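Working through the structure, step by step
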Amino acid sequence: EPEVTQTPSHQVTQMGQEVILRCVPISNHLYFYWYRQILGQKVEFLVSFYNNEISEKSEIFDDQFSVERPDGSNFTLKIRSTKLEDSAMYFCASYDLNTEAFFGQGTRLTVV
Amino acid sequence: RKEVEQDPGPFNVPEGATVAFNCTYSNSASQSFFWYRQDCRKEPKLLMSVYSSGNEDGRFTAQLNRASQYISLLIRDSKLSDSATYLCVVNPDSNYQLIWGAGTKLIIKP
């Protein structure tokens, strides 16, 4: 079964540092997403990406966040200067028309 | 405001019982609906899509009521392994910016 893979599974970083979360979506999918889930809270939409550009983003996705698809396979989320409140589980998802969204196993980001 | 609401639970249910959850959504133009299951500290996994005519997959039945703007999930003959958080998810438009409910926690007791 095809799967979305995310690395690393757990990242610990100091406040103010930059982090890059990586995702390899399913190869023939066209739509890519980042979601986050703060421990004990609901899953929140961050950003969607289609045709090599952001198609939609939420209020959470401020100037500290950016996404890239640098090489046609990886899909990255960068947080420029992490804050304590960025600690969360970050999920990457991909889908194509007529399929459901497939989620990666997530990256647990801990900002200390 | 886009919103999906669920009873957070927990629902404590004996093994073998039938349990049902509802989820309400505020955007009447929403296009597609899903139930996802999430185990503790794991990624959400699709349980089933919800169609207008209702659909069944083994012990699980999902229904959509567009007039009242809610979807439901029924689990029959519950198993210990059904213990999880069940997330109601709504796709409000074609951009597939999924809107998530906060989830309903289900605990099946032996």
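No experiment lies behind these values; they were computed from the predicted model shown.

Our focus in this paragraph is the overall build of chain B. Of regular secondary structure, chain B possesses 0 helices and 11 strands. Secondary structure of chain B in N-to-C order comes out as β-β-β-β-β-β-β-β-β-β-β. Its C-alpha atoms give chain B a radius of gyration of 13 Å, within 12% of the compact-globule value 13 Å for 110 residues. Taken along its principal axes, the extent of the C-alpha atoms in chain B is 40 × 30 × 20 Å. For chain B, with 110 residues in total, the buried portion stands at 45%. Within chain B, residue pairs in contact and separated by at least 24 positions form 58% of the contacts whose partners lie at least 6 positions apart. Accessible surface, chain B as shown: approximately 5,400 Å² in total, 47% of it carbon and sulfur.

Glancing now at the state of the cysteines. Per the counting criterion, the structure on display carries 2 disulfides over all chains. Across a sulfur-sulfur distance of 1.9 Å, Cys23 of chain A and Cys92 of chain A are joined as a disulfide pair. Around the S-S axis, the bridge from Cys23 of chain A to Cys92 of chain A shows a dihedral of about -60° and counts as left-handed. One end of the pair, Cys23 of chain A, is in strand S3 (residues 19-24); the other, Cys92 of chain A, is in strand S9 (residues 88-95), and 69 residues separate them in sequence. In terms of burial, Cys23 of chain A and Cys92 of chain A fall into one category: buried. Note that Cys23 of chain B is cross-linked by a disulfide to Cys88 of chain B, the S-S spacing being 1.9 Å. Its S-S torsion of about -70° marks the bond between Cys23 of chain B and Cys88 of chain B as left-handed, since a negative value means left-handed.

Now for the pattern of salt bridges. All told, the structure shown has 6 salt bridges over all chains when counted by the stated rule. Put simply, Glu44 of chain A and Arg36 of chain A hold a salt bridge, and the shortest N to O gap is 3.1 Å. A relative accessible area of 10% places Arg36 of chain A in the buried class. The partner of Arg37 of chain B in a salt bridge is Asp39 of chain B, and the shortest N-O contact between them spans 2.9 Å.

On the side of chain A, 18 residues touch chain B, which itself brings 17 residues to the contact. Here chain B meets chain A over a buried area of about 1,600 Å², counting both sides, of which 53% is carbon and sulfur. Across the contact surface, chain B and chain A share 0 salt bridges. Run the count over chain B and chain A and you get 2 residue pairs in polar contact (both at pLDDT 80 or more). Residue composition of the side of chain B that touches chain A, grouped by class: 8 nonpolar, 5 polar and 4 charged.

On to the packing of aromatic side chains, then. All names here are of chain A. With the rule as written, the count across this model stands at 20 aromatic pairs over all chains. Arranged with centres 5.2 Å apart and planes meeting at 45°, the rings of Phe49 and Phe75 form a pair that is tilted. A residue pair is termed long-range when its members are at least 10 positions apart, and Phe49 in strand S5 (residues 43-50) and Phe75 in strand S8 (residues 75-79) qualify at 26 residues. Both residues of the pair, Phe49 and Phe75, belong to the buried class.

Okay, the environment of Thr110 of chain A next. All names here are of chain A. Secondary-structure assignment places Thr110 in strand S11 (residues 107-111). Residues Thr110 and Ser87 lie 23 residues apart in sequence; the distance between their C-alpha atoms is 4.7 Å. For Thr110, the residues in contact, after removing those within four places along its chain, are His10, Gln11, Val12, Thr13 and Ser87. Within the local environment of Thr110, its side chain forms a polar contact with the side chain of His10, the two groups lying 3.1 Å apart.

Calculation notes
- Residues numbered from 1 in each chain as written.
- Chains lettered and ligands numbered in written order.
- Predicted model: local features only at pLDDT ≥ 70, side-chain atom pairs only at ≥ 80, totals over all residues.
- Heavy atoms only, no water.
- Helix = DSSP H or I, 4+ residues; strand = E, 2+ residues; numbered from the N terminus.
- Rg over C-alpha atoms; globule rule 2.2 N^0.38 Å.
- Buried < 20%, exposed > 50% of the residue type's maximum accessible area, 1.4 Å probe, protein only.
- Contact = heavy atoms within 4.5 Å.
- Areas by Shrake-Rupley, 256 points an atom, 1.4 Å probe, with all protein chains shown as cover.
- Disulfide = S-S within 2.5 Å.
- Salt bridge = Lys/Arg side-chain N within 4 Å of Asp/Glu carboxyl O.
- Buried area = accessible area lost by both parts, 1.4 Å probe.
- Polar contact = N/O pair within 3.5 Å; in protein donor to acceptor, adjacent residues only side chain to side chain.
- Nonpolar A, V, L, I, M, F, W, Y, C, P; charged D, E, K, R; others polar.
- Phe/Tyr/Trp six-rings, centres within 6.5 Å; stacked < 30°, edge-to-face > 60°.

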